[in-house]
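Understanding the architecture of this molecule
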Amino acid sequence: MLLGGTVTDQHSPALENLLSETRSFPPSAEFAARANAQPELYERAAADRLGFWADQARNYLTWSKPFTEVLDFSGAPTARWFADGQLNAAYNAVDRHVEAGHGDRVAILFEGEPGDTRSLTYADLKDEVSRAANALGALGVSTGDRVAIYLPMIPEAVIAMLACARIGATHSVVFGGFSAEALFSRITDADAKLVITADGGYRRGKPSALKPAVDEALTKGATNVTNVLVVARTEQDVAWTDGRDVWWHEALAGASTEHTPVPVDAEHPLFILYTSGTTGKPKGILHTTGGYLTQCAYTHSVVFDLKPETDVYWCTADVGWVTGHSYVTYGPLINGATQVLYEGTPDTPHKGRWWEIVAKYQVTILYTAPTAIRTCMKWGEQVPAEFDLSSLRVLGSVGEPINPEAWMWYRRVIGADRTPIVDTWWQTETGAIMISPLPGVTAARPGSAQTPLPGISADIWNDAGEPVGKGGGGYLVLDEPWPSMLRGIWGDPERFKDTYWSRFPGTYFAGDGAKYDEDGNIWLLGRVDDVMNVSGHRLSTTEIESALVSHDWVAEAAVVGASDDTTGQAVVAFVILRGEAVERADEAGEGHDVVAELRNHVAKEIGPIAKPRSILVVAELPKTRSGKIMRRLLRDVAEHRPVGDVTTLADTSVMDLISSGLNAAP
Ligand code: ATP
Ligand code: MG
């Protein structure tokens, strides 16, 4: 682990420190006074970390058999948390709220893309989940089986996950946008017995089909799928395989609302979920029950400051992404939240749809991704300005580093310069939030995820595995086990060890580069696979992208290193412009050479070494379905190679557009 000695000159810094940001936004006194998390939380956790987690497990969850052990790491790198306890996830998310007299509280405020709405109370949810659990049982699914879920963002997605958890079946949710091929590989990898899907869902103003992809997936090879349960959402015509296909509404109509949740061991597999694939072939991440739920519920309460009686919470993530697991299904429901679930895209039927939803449901807590914020910046602030957003009191960000200027825009335009923003760093693998400000405690620094949460231990190390300390840059590591940590990669223990535990033997390496600023805040600097080496300087993609986004004309930027004869690698940038700003500059006679202007801007902001060799103005960037930029594909383009695996890309035509633009560029 630690190699001892001082940081020596033999090791070049893992990353250079370019941007500096000192703006600071402390919480208001009123917010701080009422916040769920107070400053003492850090001290309590530091004084007795395992005791702290045991307290959270008891506070946030109801155990059918109390645990006596907290952590067993003797089988490292696979941890066991609360291992002799038993519980049921669906009971914790649903039944106990009804038993506590909150059955009338709304759990889900559903807004379909065409404008249809449904509201489900906790009592409704209990009935639906129980019926679905009985229906799964009738189809022969039982504790320990795997179920693939391939649904749009409709209440049945949450109900299906909870129904699996209720009987102790392990779910594997696959993004509704993925192809038959991707679905087939996930069905076989997890050896699913049942697939839950829908005829289709509404996207971009029209019904799009889902069931045909399932039909096709099941012809691609042998599987052990015995039934396909189909939700009728769009009422499109679907092909039907008698004996295999079953309508959800018919299966549930005959099922009882009485169902006893199956208590499972804390280490029982709750779900498998594949990573988004920004760095390579997606990995099937395995999460278990007790530790995962503990950290989901705890973080959801302290990071978003949820007050279940009064807040209306909305996380815009799809359930096909880990954020949809931890912060749509499990965290909020365990905490008894009222939440919005929206089926569609942000710009259907108009670019203000999200803000219209915030105003309509009086949303108080909004959790979304930087890509969405940057897209709204591109569309212009006159769009949200048309809606009353005054109900908002906490804003969250997840998925990528949020550039400081995007953070400022989010706070000013969406948060009326008043709401705390929590920039939450975590991964599919970590299961729940790890590094984030606490909204009532931390003085927020735009663009930085800042501080490990109470109970979490993280650090930044250099190449030799030594802490870099304040002002230093290097590799982000998690140097103590945490309750919601992954328990492995499904079916591939070697890849589990190689990917996370071999860079620094015995310590979890997250794959991300990071730095400390002079105040000790943690800044995420992008994937270490994406770090550029320009004339011996190791530069982070994030810092150069943030410098580009700090220019008025730029809404979004992606930077990659392309091989270069003189400098080893050169910086190549792809930028999306903010329409209104460029027009203004044009009118003022300034907007003629966008590329020269932006190259100079980067040199001025962070130094000549970071000046991009080329900048390409594009209309779109390649992104995963969860909205992350796929830099490895841009690197392929910049180095004139055929592009790599695009199966998790939201829109594959984007790559053709960019490649043709690049070839046409001077
Ligand atoms: P794959 O592992 O297949 O390449 P992925 O890493 O994109 O996919 P996720 O687990 O969804 O899949 O994403 C986690 C990653 O997202 C983190 O490792 C980090 O790079 C990035 N990330 C998430 N939240 C933040 C944040 N708040 N700030 C900076 N980066 C973030
Ligand atoms: Mg990853």
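Residues numbered from 1 in each chain as written. Chains lettered and ligands numbered in written order. Predicted model: local features only at pLDDT ≥ 70, side-chain atom pairs only at ≥ 80, totals over all residues. Heavy atoms only, no water.

**Regarding the side chain of Lys 211**
You can see Lys 211 is positioned in helix 8 (residues 211–217). When residues no more than four places from it in sequence are discounted, the contact partners of Lys 211 are Thr 197, Ala 198, Asp 199, Val 228, Val 230, Val 238, Ala 239, Trp 240, Arg 244 and Asp 245. (Helix = DSSP H or I, 4+ residues; strand = E, 2+ residues; numbered from the N terminus. Contact = heavy atoms within 4.5 Å.)

**What to know about the environment of Val 195**
Along the chain, Val 195 turns up in strand 8 (residues 194–198). Once the C-alpha coordinates of Val 195 and Leu 218 are considered, the two residues, 23 residues apart in sequence, prove to be 9.9 Å apart.

**Digging into the packing of aromatic side chains**
Pairs of aromatic rings are described using the distance from one ring centre to the other and the angle between the two planes. Per the stated rule, a full pass over the model turns up 31 aromatic pairs. Both rings, one in Trp 81 and one in Phe 82, keep their centres 5.6 Å apart while their planes meet at 55°; by these two values the pair is tilted. Looking at Trp 81, the relative accessible area reads 0%, which means it is buried. Overall, Phe 82 belongs to the buried group, its relative accessible area being 0%. Arranged with centres 5.3 Å apart and planes meeting at 10°, the rings of Tyr 500 and Tyr 508 form a pair that is stacked. The pair Tyr 500 / Tyr 508 is uniform in exposure class, with both members buried. Three or more aromatic residues joined by ring pairs form one cluster here, namely Phe 73, Trp 482, Phe 496, Tyr 500, Trp 501 and Tyr 508. Sitting over the ring of Tyr 475, Arg 503 keeps its end group 4.7 Å from the ring centre. Note that Lys 515 overlies the ring of Trp 523, its terminal NZ or CZ placed 5.4 Å from the centroid. (Phe/Tyr/Trp six-rings, centres within 6.5 Å; stacked < 30°, edge-to-face > 60°. Buried < 20%, exposed > 50% of the residue type's maximum accessible area, 1.4 Å probe, protein only. Lys NZ or Arg CZ within 6 Å of the ring centre and 35° of its normal.)

**Comments concerning the sheet that holds strand 22 (residues 473–478)**
The sheet built from four strands is open, its strands ordered 21-22-24-25 with antiparallel pairing. Either end of the sheet is taken by a strand with one partner, and the two such strands are strand 21 (458–461) and strand 25 (522–527). Ignoring which end each strand starts from, the neighbouring axes of this sheet average 45° apart. (Pairing = 2+ DSSP bridges. Axes fitted to C-alpha atoms, helices over the stretch in contact; angles between N-to-C directions.)

**Observations concerning the confidence of the model for the chain**
On average, residues of the chain carry a pLDDT of 93, and 96% of them reach 70 or more. In this model residues 1–11 is a low-confidence stretch, pLDDT under 50, and it forms 19 contacts with partners more than four residues away in sequence or in other chains. Confidence metrics for the complex model read pTM 0.94 and ipTM 0.99. (pLDDT = per-residue confidence, 0-100.)

**Re unusual backbone geometry**
Across the junction of Ala 76 and Pro 77, the peptide omega takes the value 5°, indicating a cis bond. Here Pro 77 is to be found in the loop between strand 1 (71–72) and strand 2 (80–81). Located in the positive-phi region is Asp 305, a residue other than glycine, with phi close to 60°. Looking at the element boundaries, Asp 305 is found in the loop between helix 10 (290–304) and strand 16 (312–315). Its identity as a non-glycine residue notwithstanding, Ala 416 has a phi of 50°, on the positive side.

**A look at the sheet that holds strand 11 (residues 227–231)**
The mixed open sheet is built from eight strands, whose spatial order is 12-11-8-6-7-14-15-23. Each edge of the open sheet carries a strand with a single partner, namely strand 12 (245–247) and strand 23 (488–489). With five bridges connecting them, strand 14 (residues 269–274) and strand 15 (residues 284–288) associate as antiparallel partners. Within the sheet, the bridge partner assigned to Leu 273 lies in strand 15 and is Ile 285. Relative to the sheet, helix 6 (residues 155–167) contacts strand 6 (146–150), strand 7 (170–173), strand 8, strand 11 and strand 14, its axis offset from that of strand 6 by approximately 175°.

**Quick word on the pattern of salt bridges**
Tallied over the full model, the rule gives 41 salt bridges. Two residues, Asp 245 and Lys 211, come together in a salt bridge whose shortest N-O distance is 2.8 Å. One end of the pair, Asp 245, is in strand 12; the other, Lys 211, is in helix 8, and 34 residues separate them in sequence. The exposure classification of Asp 245 matches that of Lys 211, with both residues buried. A salt bridge links Asp 311 to Arg 393, with the shortest nitrogen-to-oxygen separation between them at 2.8 Å. Within this pair, whereas Asp 311 is found in the loop between helix 10 and strand 16, its partner Arg 393 is found in the loop between helix 14 (382–385) and strand 19 (394–397), the two being separated by 82 residues in sequence. Accessibility classification places Asp 311 together with Arg 393 in one group, the buried group. What emerges from the salt-bridge pattern is a single network uniting Arg 374, Glu 400, Glu 545, Glu 556, Lys 623 and Arg 631. (Salt bridge = Lys/Arg side-chain N within 4 Å of Asp/Glu carboxyl O.)

**Some remarks on the pairing of strand 14**
With five of its six residues buried, strand 14 lies for the most part within the structure. Of the pairings in the sheet, the one linking strand 7 to strand 14 comprises two bridges and is parallel in character. Each bridged residue has a counterpart across the sheet, and for His 171 the counterpart in strand 14 is Phe 271.

**Quick notes on helix 12 (residues 353–361)**
Among the residues of helix 12, Arg 353, Trp 354, Trp 355, Ile 357, Val 358 and Tyr 361 are the ones counted as buried. Where helix 12 terminates, the next one or two residues include Gln 362, which has phi positive at roughly 55°.

**Re the packing of helix 4 (residues 89–102) against helix 6**
Helix 6 packs onto helix 4 with a crossing angle of 120° between their chain directions and a minimal axis gap of 7 Å. Judged on the interaxial angle alone, helix 6 and helix 4 are oblique. Both helix 4 and helix 6 take part in a crossing whose hand is left-handed. Across the interface between the two elements, Ala 89, Ala 90, Ala 93, Val 94 and Asp 95 of helix 4 pack against Leu 162, Ala 165 and Arg 166 of helix 6. (Parallel < 35°, antiparallel > 145°, perpendicular 65-115°, else oblique. Left-handed = near helix turned anticlockwise from the far one by under 90°.)

**Some thoughts on the pairing of strand 21**
Strand residues, when the strand is regular, have side chains that alternate between the two faces of the sheet. A two-sided burial pattern is seen for strand 21, the buried positions comprising Ala 458 and Ile 460 on one face and Asp 459 and Trp 461 on the other. When strand 21 meets strand 22, the two strands line up antiparallel, connected through four bridges. When the bridges of strand 22 are listed, Ala 458 appears paired with Leu 478.

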